[in-house]
Amino acid sequence: MRSSNLGVRWKYAVVAGLIVAALVLALRLAPATARRQSMITVTTEQQLASALNTSRPVLLIFRATDCVYCHVLDPYAEQYAQAHPGVEMVNVELNLLYSNDPGLVERLVSYYDIQGTPTELVIYHGMVYGYHVGIWPPPTADQLPYIEQFVNSSLSGRPIAPALSVGPAPAAAGSPTSDLKYVSPAAALGVGALAAVSPCSIPMLALYSASSRRRALSRMALELALMTLGVAAFGALLAKVYSLSPLIESSLEGFAAGFSAFLGYELLRGRVVMLGGPAAAFAPLAGLECSLPFFVAAISAVAAAGLTTAIMSSIAFGAGYSAVYVGLSGAVGRAMSLSRRYGTVAGLTLVLIGVLLFVYVVVV
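Residues numbered from 1 in each chain as written. Predicted model: local features only at pLDDT ≥ 70, side-chain atom pairs only at ≥ 80, totals over all residues. Heavy atoms only, no water.

## Notes on the overall build of the chain
And then number 1: A count of helical and extended segments in the chain gives 14 helices and 6 strands.
And then number 2: Counting all 364 residues of the chain, 48% fall into the buried class.
And then number 3: Of the contacts formed within the chain by residues at least 6 apart in sequence, a portion of 80% connects residues at least 24 apart.
And then number 4: In the structure as shown, the chain presents an accessible area of about 16600 Å², 66% of it carried by carbon and sulfur atoms. (Helix = DSSP H or I, 4+ residues; strand = E, 2+ residues; numbered from the N terminus. Buried < 20%, exposed > 50% of the residue type's maximum accessible area, 1.4 Å probe, protein only. Contact = heavy atoms within 4.5 Å. Areas by Shrake-Rupley, 256 points an atom, 1.4 Å probe, with all protein chains shown as cover.)

## Topic: the packing of helix H3 (residues 68–83) against helix H6 (residues 144–155)
And then number 1: Orientation of H3 relative to H6, taken along the N-to-C sense of each, is 60 degrees, at an axis distance of 9 Å. On the basis of the axis angle, H3 is oblique to H6. By crossing handedness, the relation of H3 to H6 is classed as right-handed. Every residue of H6 that contacts H3 at Leu73, Tyr76, Ala77, Gln79 and Tyr80 is listed here: Leu144, Ile147, Glu148 and Val151. (Axes fitted to C-alpha atoms, helices over the stretch in contact; angles between N-to-C directions. Parallel < 35°, antiparallel > 145°, perpendicular 65-115°, else oblique. Left-handed = near helix turned anticlockwise from the far one by under 90°.)

## Considering the sheet that holds strand S3 (residues 88–93)
And then number 1: Spatially, S1-S3-S2-S4-S5-S6 is the arrangement adopted by the 6 strands of the open sheet, whose pairing is mixed. Two strands bound the open sheet, and with one partner strand each, they are strand S1 (40–42) and strand S6 (161–162).
And then number 2: The pairing of S1 with S3 spans 3 bridges and is parallel. Each residue of the ladder has a partner; that of Thr41, found in S3, is Asn91.
And then number 3: Its contacts with the sheet place H3 against strand S2 (58–63), S3 and strand S4 (119–124), and it is angled at close to 160 degrees to S2. (Pairing = 2+ DSSP bridges.)

## Some thoughts on the pattern of salt bridges
And then number 1: Counted by the stated rule, this structure contains 3 salt bridges.
And then number 2: Taking the shortest distance from any N to any O, the salt bridge between Glu88 and Arg56 comes out at 2.6 Å. Taken as a pair, Glu88 in strand S3 and Arg56 in the loop between helix H2 (45–52) and S2 lie far apart in primary sequence, 32 residues in all.
And then number 3: Take Glu88: its relative accessible area is 13%, and that puts it in the buried class.
And then number 4: Among the salt bridges present, the one from Arg63 reaches Asp74, with a minimum N-O distance of 2.7 Å. Pair noted here: Arg63 is in strand S2 and Asp74 is in helix H3, with a separation of 11 residues, a long-range link. Exposure class is identical for Arg63 and Asp74. Each is buried. (Salt bridge = Lys/Arg side-chain N within 4 Å of Asp/Glu carboxyl O.)

So this is what it looks like as structure tokens:
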């Protein structure tokens, strides 16, 4: 009877996730007002080619709609655009561009070594003069002086590499200098670990860890192997499916919010002890969907070397990503097994994750 009741509760968790996903989807489909009036936002190859066809310096920002640090940078980039009309400000929405032209995004990610968002480039007369990944620390600091210093110092220096030409004609993706490197299969391991602790993946990492229990090393090794293969396969599938509609990402994040909050509620009531079985695979895969640019960066740069190399890079990415999940969950599970307040702590953690993730998806 207890097993049957647990099965019903898992179904309720899935239903809760679907309800929140539907709510997020409805909010995403609602008309949105323009947020950046002084910057050009591109979502197609034609728009990007037109934006780069200028005699002025271009500050090119690669971003994603669900990127936390991108939204931190946005107001300061808007201030810079208003204060420096002599510099063309161009935002490239990678996830929206990916839905229109996956091949172009793979070329951009590969050529410019985009391993995370935001990535900022300074382009002038067809040459790359500046390259920077992320925002400037600390995250709470005024970013405007850093943007100004980045652009000024870039333009006062020497070119790094030719800019990747885009437009109707096929572009040959040449190789930049050592400052803009291709991602090797070996580096994909590190990219995967970085993706696991990216801002959008951390809630799922916390969910997976908070729902852990103490387990043998052999079980953890098997878990690592299975998760590595699952992440590699799911990442490739997600990259293909996501190209059909960027709304898939918001829907999955909404589902994750509802699912997590319901599990936390059940934990607080003492009805669910751990996240196990098929449900255990949900957290790392949900975390991967918002780290899609990391996955694309890890495999697209080596895809030209052949299918075997791309597969090896995907598996390396999965190993790096999974190692963080399995390692942290093992440590947390060992600590939680010694605490009588495990249910309360884990329950509150999961409810908080669900609420914050929902607010993040809706507001951001």
